[in-house]
Amino acid sequence: MKKKTHWYDWLWIASGLYLILGFVNILFAWLGLICFITPLLISVIRGNKAYCNKYCGRGQLFSLLGEKLHLSRNKPIPAWIRSKWFRYGFLTFFMIMFFNMLYVTWLVFAGSSSLQETVTLLWTFRLPWQWAYTDGMVTPWAAQFAFGFYSVMLTSTALGILTMAMFKPRSWCVYCPMGTMTQLICKAKNRGEG
Amino acid sequence: MVKKLAKVSQKECVACGCCMKVCPRKAISIPRGVYAVIDPKLCVGCGMCAKTCPADVISMISREAEA
Ligand code: SF4
Ligand code: SF4
Ligand code: SF4
């Protein structure tokens, strides 16, 4: 049985392209805000996870790598990863690091810190990334935000690829902060409804 | 006669929708974004959803046990 393909089944291309564009010009990282704002808006307005369920290109990318390219061991995920404390804990940690990134951006905006042309992987490893930016292209804080946001995206992709390989293809979706957050919003919105 | 039926552990479901995408019968929906719901009238017990679920929260149960 051949399944019908929808336009949104191609969004993995956008997600893949996004990662590549960050190597070309870091300012493309700003586009990643779409993947933050859209799922939140959908869950707040519609009260569902249609973003995860249909549109998310990142989830599709992991499916593709794991299923079509057979890069996944397809093993069950350890129970602690899907436990509430880990999922909510990871969301909390992720948010703290996200606000820290915004703070660094603000420091550059305020002029008390200078632009760092690096991408930080796994919140620890600073990778030189100056080839993707030429000084003076935009105001420094806007570039700092791009470097920071791309760090977030690259880090989550790296973790996602790791768990894609170790467990089932879309294991990232079990602890993805965006997925957890939108599920929490849906829970709050639909409270009391059968 | 269909003997098996997919059952979601709703407490542990992360509502990612992987099951929904692979179900050949469109038997799965996630109406409120909190957990997946399987329509027993449409499910043919193929087990695709259970195999794909990244959180491993779908089990295949026998129809008799359900009834
Ligand atoms: S859980 Fe995260 S990666 Fe998975 S579909 Fe949702 S937003 Fe995308
Ligand atoms: S694949 Fe598993 S975790 Fe995801 S929505 Fe379906 S039952 Fe829930
Ligand atoms: S067992 Fe097969 S038919 Fe039933 S819900 Fe899962 S994927 Fe759909």
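Cut-off values and rules
Residues numbered from 1 in each chain as written. Chains lettered and ligands numbered in written order. Predicted model: local features only at pLDDT ≥ 70, side-chain atom pairs only at ≥ 80, totals over all residues. Heavy atoms only, no water. Helix = DSSP H or I, 4+ residues; strand = E, 2+ residues; numbered from the N terminus. Rg over C-alpha atoms; globule rule 2.2 N^0.38 Å. Buried < 20%, exposed > 50% of the residue type's maximum accessible area, 1.4 Å probe, protein only. Contact = heavy atoms within 4.5 Å. Areas by Shrake-Rupley, 256 points an atom, 1.4 Å probe, with all protein chains shown as cover. Lys, Arg positive; Asp, Glu negative; His and termini not counted. Charge placed at Lys NZ, Arg CZ, Asp CG, Glu CD. Expected span 1.5 Å × (residues − 1). Buried area = accessible area lost by both parts, 1.4 Å probe. Salt bridge = Lys/Arg side-chain N within 4 Å of Asp/Glu carboxyl O. pLDDT = per-residue confidence, 0-100.

Engineer: I tried to follow the overall build of chain B on my own but got confused; where do I start?
Structural biologist: If you tally the helices and strands in chain B, you get three helices and four strands. For chain B, whose C-alpha radius of gyration is 11 Å, the value lies close to the compact-globule estimate of 11 Å for 67 residues. Every one of the 67 residues in chain B was classed for burial, and the buried ones make up 46%. A separation of at least 24 residues holds for 55% of the contacts in chain B among residues at least 6 apart in sequence. A total of about 3500 Å² of accessible surface is found on chain B, and carbon and sulfur atoms cover 58% of it. In chain B, 11 side chains carry a positive charge and 5 a negative one; their mean positions are 6 Å apart.

Engineer: Honestly, helix α4 (residues 57-68) of chain A in this entry has me stumped. Any pointers?
Structural biologist: Given 3.6 residues per turn, any residue in an α-helix points the same way as the ones three and four places further on. With twelve residues, α4(A) ought to run about 16 Å at 1.5 Å a step, and its terminal C-alpha atoms sit 15 Å apart, in line with that. Considered for burial, the residues of α4(A) that qualify are A:Gly57, A:Arg58, A:Gly59, A:Gln60, A:Leu61, A:Phe62, A:Ser63 and A:Gly66. Buried residues in α4(A) make contact with α1 (11-24), α3 (50-55), α7 (140-166) and α8 (172-175) of chain A together with α1 (18-22) of chain B. Positive backbone phi, at 55 degrees, marks A:His70, one or two positions downstream of α4(A).

Engineer: Even after reading the chapter, I still don't get the interface of chain A and chain B, so can you show me in this structure?
Structural biologist: The accessible area lost on association of the parts is a frequent measure of interface size. Chain A puts 27 residues into the contact, and the matching count from chain B is 26 residues. Here chain A and chain B share an interface that buries about 2100 Å² over both sides, 46% of which is from carbon and sulfur atoms. Taken as a group, A:Asn53, A:Arg82 and A:Lys168 account for 29% of the area that chain A buries against chain B, more than any other trio of residues on that side. Inspection of the region where chain A meets chain B yields two salt bridges.

Engineer: Would you take a moment to explain the confidence of the model for chain B for this structure?
Structural biologist: Atom-level detail of predicted coordinates should not be read off regions where pLDDT is low. All names here are of chain B. In this model, chain B carries a mean pLDDT of 93, and residues with pLDDT of at least 70 account for 94%. Mean pLDDT per element in chain B: helix α3 (residues 63-66) is the minimum at 69, and strand β2 (residues 28-29) is the maximum at 98. Reported confidence for the predicted complex is 0.92 by ipTM and 0.94 by pTM.

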